[in-house]
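Coordinate analysis (summary)
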There are 2 protein chains.
Amino acid sequence: MTIRHNGVVMNTRDRKHREMQEREAIILECARPMFIEGGYNGLNMDRLTSMLEYSKGTIYNHFSCKEEIIITLAIQTLEKRLAMFEKAALFQGTSRERIAAIGTAAELFVKLYPDHFRVEQTIRLDSIWDKTSEERRQVMSNCERRCIGVVSGVVRDGIASGDLNLKDTTSPEEIVFGLWSLSFGGYSIIATSNSLQEIGISEPFKMLRHNYSRFLDGIQWKPLSSEVDYDAVFERVSEEVFGNELQQITA
Amino acid sequence: MTIRHNGVVMNTRDRKHREMQEREAIILECARPMFIEGGYNGLNMDRLTSMLEYSKGTIYNHFSCKEEIIITLAIQTLEKRLAMFEKAALFQGTSRERIAAIGTAAELFVKLYPDHFRVEQTIRLDSIWDKTSEERRQVMSNCERRCIGVVSGVVRDGIASGDLNLKDTTSPEEIVFGLWSLSFGGYSIIATSNSLQEIGISEPFKMLRHNYSRFLDGIQWKPLSSEVDYDAVFERVSEEVFGNELQQITA
DNA sequence: CCCCATTATGACGGATCGTCATTATTAGTC
DNA sequence: GACTAATAATGACGATCCGTCATAATGGGG
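For the structure given in this document, a descriptive report is provided here. Owing to the predicted nature of the structure, the values given are computational and were not obtained by experimental measurement. (Residues numbered from 1 in each chain as written. Chains lettered and ligands numbered in written order. Predicted model: local features only at pLDDT ≥ 70, side-chain atom pairs only at ≥ 80, totals over all residues. Heavy atoms only, no water.)

All names here are of chain A. At their nearest, the axes of helix 11 (residues 204–218) and helix 12 (residues 230–240) sit 10 Å apart, and the two run at 120° to each other. Of the two possible hands of crossing, helix 11 and helix 12 adopt the one that is right-handed. Contacts between helix 11 and helix 12 involve Lys206, Arg209, His210 and Ser213 from the first element and Tyr230, Asp231 and Phe234 from the second. Classifying every residue of the contact of helix 11 with helix 12 gives two nonpolar, two polar and three charged. (Axes fitted to C-alpha atoms, helices over the stretch in contact; angles between N-to-C directions. Helix = DSSP H or I, 4+ residues; strand = E, 2+ residues; numbered from the N terminus. Left-handed = near helix turned anticlockwise from the far one by under 90°. Contact = heavy atoms within 4.5 Å. Nonpolar A, V, L, I, M, F, W, Y, C, P; charged D, E, K, R; others polar.)

Rendered as structure tokens:
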């Protein structure tokens, strides 16, 4: 009836649940490199079956279709990004420095999980999206909303502190939309286009950071980039806030 | 040996070539709605075959695989975008107004071909991209490069006319990258996320245009948005330059 | 009218997704 | 430990779909 696991008393029900989760993690661990390697078609359910010690039916007990596996892969990394955003927003500094800190988080996230974009790009295709469960779609939307919330929180702090003045007709979310467009578009272009090199942009990540700064200068978010070296802020945040994560990249 | 077609003398060779192109157009015309409807999987080669009066082998004489059809669909619309960009760049006005004109072209293009993003999103997936021919990839890259060229041309004009002053360390292409990121990211988000409505952004296209303005204000591209009503410029360009295209949207 | 090069055809092989009847395992009880 | 009922695992199979290729049809030139 009751057993012990890791010193905690558990009943059969709990154990089954735990085993279920452990196996789910194993499946995803095996599926991720397959997806990264060959995309949607590269993730082959038969091959996945033969590589794991579970039969196909068992895998289909966890995920009702291929798309469910892929969206779960996306959720895994999105949750890490959310955590990084939340950590960055706690950075001690001016409101604009805190925005820069979140930008730093976004950049390090992209470098830490370079394959994430491919997963998210696939998921956002309607033909894939439609096959995923409403439940998991909710989880993904939540992640997105909370990320937006972190950024808009800092925008509101900027307004409250007087660093930023928006016209009455402008909502903080509009600014979030701008930053989001810049980063989503920028990282997408970096990941999927070779035109950048051809037009002589050799440090795209740095250029993208400068473009953030230009946008923020455009709304007069103080202190302006002419007054503060935000490249230096990037370096500081990288080390002070994301030192651990950084090692993973350079290692 | 020689025949007449549309009043032009043609030999057998020419006729075959023309028939080939006509058939290619027919195939693409049939494939496009199939792809729009159901994405990569929705474009079904068997169904395509049964809907056209050609056999599968014949279709495979034109396109060596499914991916070739999809990239050709992408190229078709990309060429239209390039044409719209080139037309917009000819707008008579200040350099910044001409940039706004290109922004107008980009927005109208998205509204005119709302399905284009889905096609391009699919093509940019490595697993699809890898199966396309080097030749067609070149055509696509060329389109992209020429679009970039149009924009960077206007940026250089802005510098030449004194409307824009960039630091020595900043290249015109960096600004192009910024505008490109903003628009690519913005339209992608509009097309694939419902978070925008949830955070209260009801006119995303307008907001995106304002974000362009903020970015351009940030680099002090004169005249600033405080001096000129760029929403009005958008309206003017829409009517004066793209009147014909506009009818198609509203109709 | 005939011949051969060129093009069209669609049956087929191969790959892959997801199902489900069958088999195995496990929990709980005596 | 033996038995049973519920639960879970299995993998053969049906269905779908891509791309090929042996065969058939076409038509241009002599």
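Arg23, Ser55 and Thr58 of chain A together with Lys56 and Tyr60 of chain B are the nearest of the 18 residues found near DNA strand D. Among the atoms of DNA strand D lying within 4 Å of the protein, the sugar-phosphate backbone contributes 67%. Asn44 of chain B has a polar side-chain atom sitting 2.9 Å from a sugar or linking oxygen of DNA strand D. Mapped onto the surface near DNA strand D, the elements with two or more residues apiece are helix 3 (56–62) of chain A together with helix 2 (45–51), helix 3 (56–62) and helix 4 (66–89) of chain B. The greatest single-element share of the surface near DNA strand D, amounting to four residues, is contributed by helix 3 of chain A. A per-class count over the surface near DNA strand D returns five nonpolar, five polar and eight charged. (Near = heavy atom within 4 Å. Polar contact = N/O pair within 3.5 Å; in protein donor to acceptor, adjacent residues only side chain to side chain.)

What follows covers the side chain of Arg136 of chain B. Tracing the sequence through the fold places Arg136 of chain B in helix 8 (residues 134–161). The contacts of Arg136 of chain B, once residues within four sequence positions are left out, are Glu24, Phe63, Glu68, Ile71, Thr72 and Ile75 of chain B.

All right, on to the protein's contact with DNA strand C then. Near DNA strand C lie 19 residues; those nearest to it are Lys56 and Tyr60 of chain A together with Arg23, Ser55 and Thr58 of chain B. Among the atoms of DNA strand C close to the protein, meaning within 4 Å, 70% are from sugar or phosphate groups. For DNA strand C, a base oxygen lies 2.8 Å from a polar atom in the side chain of Lys56 of chain A. Separating a phosphate oxygen of DNA strand C from a side-chain N or O atom of Tyr60 of chain A is a distance of 2.6 Å. Residue contributions to the surface near DNA strand C peak at four residues, all from helix 3 of chain B. Broken down by class, the residue content of the surface near DNA strand C amounts to five nonpolar, six polar and eight charged.

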